[in-house]
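Observations on chain architecture
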Amino acid sequence: MARKVLVLGEVREGSLRNVSFEAVAAAKTSAEGGEVVGVLFGDSVSALGAEFIQYGADRVVTVEDELLKQYTSDGYSQALLAVIDQEDPEGIIFGHTAQGKDLAPKIAAKLESGLISDVTDLEVEGGNLVFTRPIYSGKAFEKKIVTDGLLFATIRPNNIAPLEKDESRNGDVSSLSVEIKNLRQVIKEVVRKATEGVDLSEAKVIVAGGRGVKSEEGFEPLKELADVLGGAVGASRGACDADYCDYSLQIGQTGKVVTPDLYIACGISGAIQHLAGMSNSKIIVAINKDPEANIFKVADYGIVGDLFEVLPLLTKEFKEL
Ligand code: FAD
């Protein structure tokens, strides 16, 4: 069934985040031959419309306002409801990010629709659009279809491949005027914590450390390997609780959910709460002194050994490639 599907792009520091392009690919499948309309909010975002179209959107609607420069639940809800009113879509796709996780359920509830969250795959099977999502902290997957109402879904970053960028694609970028008012919260300034290197949630390679890293300095060999591989450093809650690193690096049930191409777990035992955040990684390498460690059950490659001996050897080998 051909549908009109909206896809909300995410803008960070003047650029579209990669998850926006993945969401367009998901919207394209959901549209089943119908129209995919990119939606962008911010103080000055229309210039990003062309890129959205090159990744597969048929056209783009923007709402520009100083009050939309930073995400607020109220402001983005007002803008999105106005776009929904104008476009009358049959589906809306969001990234399963801090923003999407906040906005999608709010709008779905407001419109009395269901929501399929944290989608890792979608395909048309036997005439139905079937969404796959992990359940029980990633121990199983369930498949869902929408039988009624507006289709709402959030897609987990790094799972659905974006379409190939096609610079010859053209489409209309139009702006909708919406009066953003009565915000309960106005963000004056965002002061980002200085993070080195690659964004953890979008990294293709993650080198993660656990309590086995033993100290803040113990993270140095992990950083060196991550640098050589162009990746990011992550951590278990054990390492964060022990104050070896910042909580912004925590991966797991109560931390970030990541799906890199390569996840190297160093001195991490593999508690279920940690696996919930990384077990969908494409290739998992575990380095642990304990051959019985649970992490080896999900690892594609296991190295039983001391991470402080193994990591410098790996870094040296990769440097020489
Ligand atoms: P440990 O379990 O102590 O494991 C350390 C590992 O390092 C051991 O396997 C050991 O053999 C190995 N090791 C030691 N020295 C070396 C060495 N030199 N070389 C190689 N290996 C070595 N945890 C998360 O990670 N993320 C979450 O989001 C999360 N959420 C939680 C939510 C709740 C409600 C609860 C109750 C717990 C949560 N936890 C979470 C905590 C989780 O249960 C574990 O306690 C935690 O993941 C353990 O961290 P760890 O593997 O680093 O430490």
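Provided above is the structure to which this section pertains.
Below or above, wherever it landed, is the structure these notes cover. Values in this document were obtained by computation on a predicted structure and should not be read as measured data.

Rules of the game
- Residues numbered from 1 in each chain as written.
- Predicted model: local features only at pLDDT ≥ 70, side-chain atom pairs only at ≥ 80, totals over all residues.
- Heavy atoms only, no water.
- Pairing = 2+ DSSP bridges.
- Helix = DSSP H or I, 4+ residues; strand = E, 2+ residues; numbered from the N terminus.
- Axes fitted to C-alpha atoms, helices over the stretch in contact; angles between N-to-C directions.
- Contact = heavy atoms within 4.5 Å.
- Near = heavy atom within 4 Å.
- Polar contact = N/O pair within 3.5 Å; in protein donor to acceptor, adjacent residues only side chain to side chain.
- Areas by Shrake-Rupley, 256 points an atom, 1.4 Å probe, with all protein chains shown as cover.
- 1 Å grid on protein atoms, 1.4 Å probe; cavity = no way out; pocket = protein on both sides within 12 Å on 5 of 7 lines; lining within 4 Å.
- Sits in = over half its atoms within 2 Å of the grid points.
- Nonpolar A, V, L, I, M, F, W, Y, C, P; charged D, E, K, R; others polar.
- Parallel < 35°, antiparallel > 145°, perpendicular 65-115°, else oblique.
- Left-handed = near helix turned anticlockwise from the far one by under 90°.

**Description of the sheet that holds strand β15 (residues 262-266)**
- In spatial order, the strands read β14-β13-β15-β16-β17; together these five strands make up an open sheet with parallel pairing. If you trace the sheet from one side to the other, it starts and ends with β14 (232-235) and β17 (301-304), each paired once. Each neighbouring strand pair of the sheet contributes to a mean axis angle of 20 degrees, computed without reference to strand direction.
- The sheet contact formed by strand β13 (residues 205-209) and β15 spans five bridges and is parallel. In the sheet register, I206 faces β15, and the bridge partner there is Y263.
- Packed onto the sheet, helix α5 (residues 220-229) meets β13, β14 and β15 and runs at close to 175 degrees relative to β13.
- Of the strands in this sheet, β15, β16 (283-288) and β17 are in contact with helix α9 (residues 307-320), which crosses β16 at around 135 degrees.

**Quick look at the site of the ligand**
- R211, S236, T254, S269 and N288 are the nearest of the 26 residues found near the ligand.
- Within the side chain of S236, an N or O atom sits 2.5 Å from an oxygen atom of the ligand.
- One of the side-chain nitrogen or oxygen atoms of H274 is found 2.9 Å away from an oxygen atom of the ligand.
- In isolation the ligand has 980 Å² of accessible area, and contact with the protein removes 76% of it.
- Of the pockets mapped on this structure, the ligand occupies the second largest pocket.
- Of all the elements in the fold, those that place two or more residues in the shell around the ligand are α6 (237-241), α7 (272-278) and α9.
- A class-by-class count of the residues in the shell around the ligand yields five nonpolar, 15 polar and six charged.

**Remarks on the packing of helix α3 (residues 73-87) against helix α4 (residues 98-110)**
- The interhelical angle for the contact between α3 and α4, taken along N-to-C directions, is 50 degrees, at an axis separation of 10 Å. In terms of axis orientation, α3 runs oblique to α4. With respect to the hand of their crossing, α3 and α4 are arranged in right-handed fashion. Counting all contacts with α3, which are made through S73, D74, Y76, S77, L80, L81 and I84, the residues of α4 involved are Q99, D102, L103, K106, I107 and K110.

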